[in-house]
Structure formats: structure tokens, C-alpha cells
Amino acid sequence: MTTMDSETDGIGLVADDEATRLLAAYEAGSSFLFSAPHGVLLARGVSAIVPKTQCAREELPRRVADFLNSATEFGRRNPMVVGAVPFGESLPAHLVLPDEVVRAAPLNVVVPQPPRSDAPDCSVRPVPAPAEYERGVSRVLRRLADGELSKVVLARSLELTAAEPIDVRSVLRNLALADPASYTFAVDLPRHGEDGTRDSFGAPPPLRRTFLGASPELLVSRRGMRVRSNPMAGSRPRSADPVEDRRRAAELSTSDKDRREHAAVVDAVVQALRPFCRDLQVPAPSVISTAAMWHLATEITGELRDPATSSLELADALHPTPAVCGTPLQRARDVIAETEPFERGYYAGMVGWCDAAGDGEWVVAIRCADIEDDAMRLYAGAGIVAGSDPADELAETSAKFRTALSAMGLDQAV
């Protein structure tokens, strides 16, 4: 493996047969993994943690830019930060400067791989209960009918408690190999109740909490002057019956409700990117698939106006999109806080990396789980718009849970 001494971009580039080795080399508590359709990135160790000052979210890109400039001045060649930014502002972003970064070509998985490990012995508690989630959807629909907003993404969670500590590496492997076209990620986080800052000797505390997932949705990437975003909204669960599966995909492609929901997300992304980009290309939406879901997706591309605009600045301008929050944004945030009986934390936030040159890639943190020792919390949401049906939205969240549940080797109705 090569490391950050590479003469090309400061990040090691290894042969494509190294992709699975990087996946196997991930170690919970000391690594960051980001497996994208175009390549795998593994960051190991922590040289420094981006200071967690209590500043407004929009100051985050400037703070990270200053941090990376300082790292460059200390001799790091094209340093990068990796980590996660939460959905709301109750938590700080968790971004670190790794000791070493290595990259490989994408995972070469011709046939998606089923989970390798046996299902653990664990209890599962839905929060809220399914019937209460449906009642929450009905309350949101009444507010939509009153005209105070046009969309709210309402989530629910599953709390799993296993009989022994959860094997994070096994879950991550199962996620990556089951759907290599998704963005599989794993981020070390401070344990609940800790802030993750350095102690008086300069060493970071041990991190034994992992936020991981397999997101289908690219929030934004920047490579040189090229910008790309792939917003998704509107979905259907996959079916094991090929005929029914194709019918669901066709139904999604012509659904007026789903196309309206998707168009609202695309419009918001375009409006957020327009000040930063020229020559934005916005094609018609297409239907794409993951192992569990069909989605409407639109791949938006453009050219930066200013080369000083970083990927994190673009991501910050987009986050959160209506795909995970709703419209109008602040009103939807308020309704989510009033309706969901849990804090989202890093769910529906963003995960990725940004280097000193401004290049980077950020994905929407969905199809994800927060793991600490023997406890695991899963999240899934559905976009509520006029015409939504509470039972259908419950079924959609259940289907989205399948991504993480399957990675645990579990197959049960939720």
C-alpha cells in the first residue's frame, strides 16, 4: 500500500484487488471507511480533531479550511478531514485529520454477497411503535392539508440490544458486499456522553462507537472544477418476484405523487448549487435500484464558478435537503422535532471527506446505524406529502430497515 507520500494527489492509490483488503483492514475505533462506486478510501489513526467550537453551522467550511491550512503549514501534503456532520445543530460535526489515507479501485463484486455471519441473539424495540408512527403520519398530513408546509420526512428507529458486543467489521463488510454500488461508510464517533476532544497529553480518547451505513444518495462531490449531486426522493420497496419488482419500478416512474416529491428536492438542490456553479445540467429523473429499494434519482452536474469553493462548502449549502427534512425547511424541522420521539443525531446528516485542495465527496447519511458495544440503533424515514398513506409510509420505512437488518443477518418484520 502507498500512503500520503504519493506524488499525484497526496493519497495512496492501490490496485483494484486491494479494495477488499482495505475493507478487511478497517478496525472499529481507529479507522474511517468510505466505499464509493468509483473507489474505496480507508483513513487510519487520528493526527488531530477539528475543534468543536459552538459556532453556527455555516461557519464549518471556514473553520475546516483554516484547520487544513494549518496542517499544510506543518508539512502535511494535501491533508484531508474525514467524518460526519449531524442532521441538526444539537451536536457538533465530528471531523478528524487522519494519520494515513489509502485508496483502492472500487470493490469488484459481480454478484452481491449475502451476509456471512450468523444472526446475533438480540432484542428489537421499534421507536415509535408502528401504530404510533402511522398516527404521526396522519397528524403531519393534517398539517399539510392546512397549507403550513408541503413535505415532511418522518423517521422512526429500531433499538437493537445484542447478547454480546456487535461485530462492527462484519456488519460493515456485509453492507459493502451486498450493495457495492452504494456509498458504504463507517465513522468512529465519541461514545455517548463524551466529546471526543484531546486529553492533556494530546492523545485522542479511544472511540468505541461507530456510525455506519450504505447510502444510495450522493449529496455532492467536487473534483477540480466539476461538481456532481444525485438527489433522490420517491421510492418503492423491491420485490423478490421479478415480475412484481418490475411492476413496482414502472409504477414509481409514472407516479404523480412521487414525481412531485422528487421535483421539489431537485429544485432545492439546483437553487442551492446555482450561486456556486455555472452550466448546471439537470436531466429528467431516472429509476435506480439498491438491494432493498427502487428510487427516483436525478444526476445534476456543473462547473464551479470559483475554484476556492470546497466540497464541504457545497455540502453545507445543500444540507439538509428536502429528501431528509422537508419544505419549507425550518417549518419541517420544527414538525420533525415535535413528532419524532428521538434525536436524529448523525442520521440524515452527511458523511464524507474534504482535502486541502477543496476536492471531496459527501453522502446523505441514510440506511444507517449507530453502534456502541452491544447496542445498535437503526433509522429509516419516509417523505410525507399530500396523498401519502400512513400504512404505505410505514411499509416504506420497514423496507429501508432491511439494508441494515440484513447486514446483521436478521430477517424479521418491523
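The structure this text deals with has already been given above.
Below you will find a few notes about this structure. Remember, it's a predicted structure, so these values are computed and weren't measured experimentally. (Residues numbered from 1 in each chain as written. Predicted model: local features only at pLDDT ≥ 70, side-chain atom pairs only at ≥ 80, totals over all residues. Heavy atoms only, no water.)

Some points on unusual backbone geometry
Selection rule: Secondary structure elements follow DSSP: runs of H or I no shorter than four residues count as helices, runs of E no shorter than two count as strands, and numbering proceeds from the N terminus. Here the term buried applies to any residue with accessible area under 20% of the maximum for its type, exposed to any over 50%, and partly exposed to those in between, with areas from a 1.4 Å probe on protein chains only.
Following V127, the chain continues to P128 via a peptide bond in cis, the omega torsion being -5 degrees. Omega for the peptide link from T327 to P328 comes to -10 degrees, which places this bond in the cis form. Positive phi is not limited to glycine here, since D279 has a value of about 55 degrees. With respect to the element layout, D279 can be found in strand β15 (residues 277–281). We note that R367 has phi near 50 degrees; this positive angle belongs to a residue other than glycine. Tracing the chain through its elements places R367 in the loop between β21 (360–364) and β22 (368–372). Judged by relative accessible area, which is 7%, R367 ranks as buried.

Thoughts on the nonpolar core
Applied cut-off: Nonpolar cores were defined as sets of buried Ala, Val, Leu, Ile, Met, Phe, Trp, Tyr and Cys residues, with membership established by side-chain atoms within 4.5 Å.
In terms of nonpolar packing, the biggest core is built from 83 residues, with F34, F185, L273 and V351 touching the most fellow members. With 6 residues, the single largest contributor to this core is helix α6 (residues 256–273).

Concerning the packing of aromatic side chains
To be explicit about the condition: In this scheme Phe, Tyr and Trp rings, the latter by its six-membered ring, pair at centre separations within 6.5 Å, and the angle between planes marks the pair as stacked below 30 degrees, edge-to-face above 60, and tilted otherwise.
Going through the model one piece at a time under the given rule, you end up with 6 aromatic pairs. Pairing F32 with F34 gives two aromatic rings, centres 6.4 Å apart and planes at 10 degrees, and the pair type is stacked. You'll find F32 and F34 in the same group, each marked buried. With a centroid separation of 6.1 Å and 50 degrees between ring planes, the pair formed by F211 and Y346 is classed as tilted. You can see F211 sitting in strand β11 (residues 209–215) and its partner Y346 sitting in the loop between α8 (329–339) and β20 (350–355), a full 135 residues away along the chain. You can call F211 buried: its relative accessible area is 1%.

Remarks on the environment of S215
Let me state the cut-off plainly: Pairs of N or O atoms are called polar contacts if they sit within 3.5 Å, as long as, within protein, a hydrogen donor faces a hydrogen acceptor (for residues adjacent in sequence, only side-chain-to-side-chain pairs).
Examined against the element boundaries, S215 turns out to sit in strand β11. S215 gets classed as buried once you look at its relative accessible area, which sits at 0%. Separated by 135 residues in sequence, S215 and M350 place their C-alpha atoms 10.0 Å apart. In terms of polar contacts, S215 uses its side chain to reach the backbone carbonyl oxygen of V364, at 2.6 Å.

What to know about the side chain of K257
Our working rule: Every residue pair with non-hydrogen atoms within 4.5 Å of one another is taken to be in contact.
Mapped onto the fold, K257 is located in helix α6. If sequence neighbours within four positions are ignored, K257 has contacts with G383, V385, A386, G387, S388 and E393.

As for the sheet that holds strand β6 (residues 94–97)
How we decide: Two strands pair if DSSP finds at least two bridges between them. Axis angles are defined between N-to-C directions and span 0 to 180 degrees, where every axis is a line fitted to C-alpha atoms and, for a helix, only to the segment in contact.
With antiparallel pairing, 9 strands are arranged side by side in an open sheet as β4-β6-β5-β20-β21-β12-β13-β18-β15. Two strands in the sheet have a free side with no partner beyond their single neighbour: β4 (48–49) and β15. In this structure, strand β12 (residues 218–223) lies alongside β21, joined through 4 bridges in antiparallel fashion. Each residue of the ladder has a partner; that of S221, found in β21, is E361. Contacting β4, β5 (80–85), β6 and β20, helix α2 (residues 60–73) runs over the sheet at an angle of about 150 degrees to β5. In the packing of α6 onto the sheet, contacts are made with β13 (226–229), β15 and β18 (300–304), and the angle to β18 comes to roughly 5 degrees.

Some points on α6
Applied cut-off: One less than the residue count of a helix, multiplied by 1.5 Å, gives the span that helix is expected to have.
With 18 residues, α6 should reach 26 Å at 1.5 Å per residue; the first-to-last C-alpha distance of 26 Å fits that figure. All of the buried residues along α6 are K257, D258, E261, H262, V265, V266, V269, V270, A272 and L273.

Geometric values such as these leave the question of function open.
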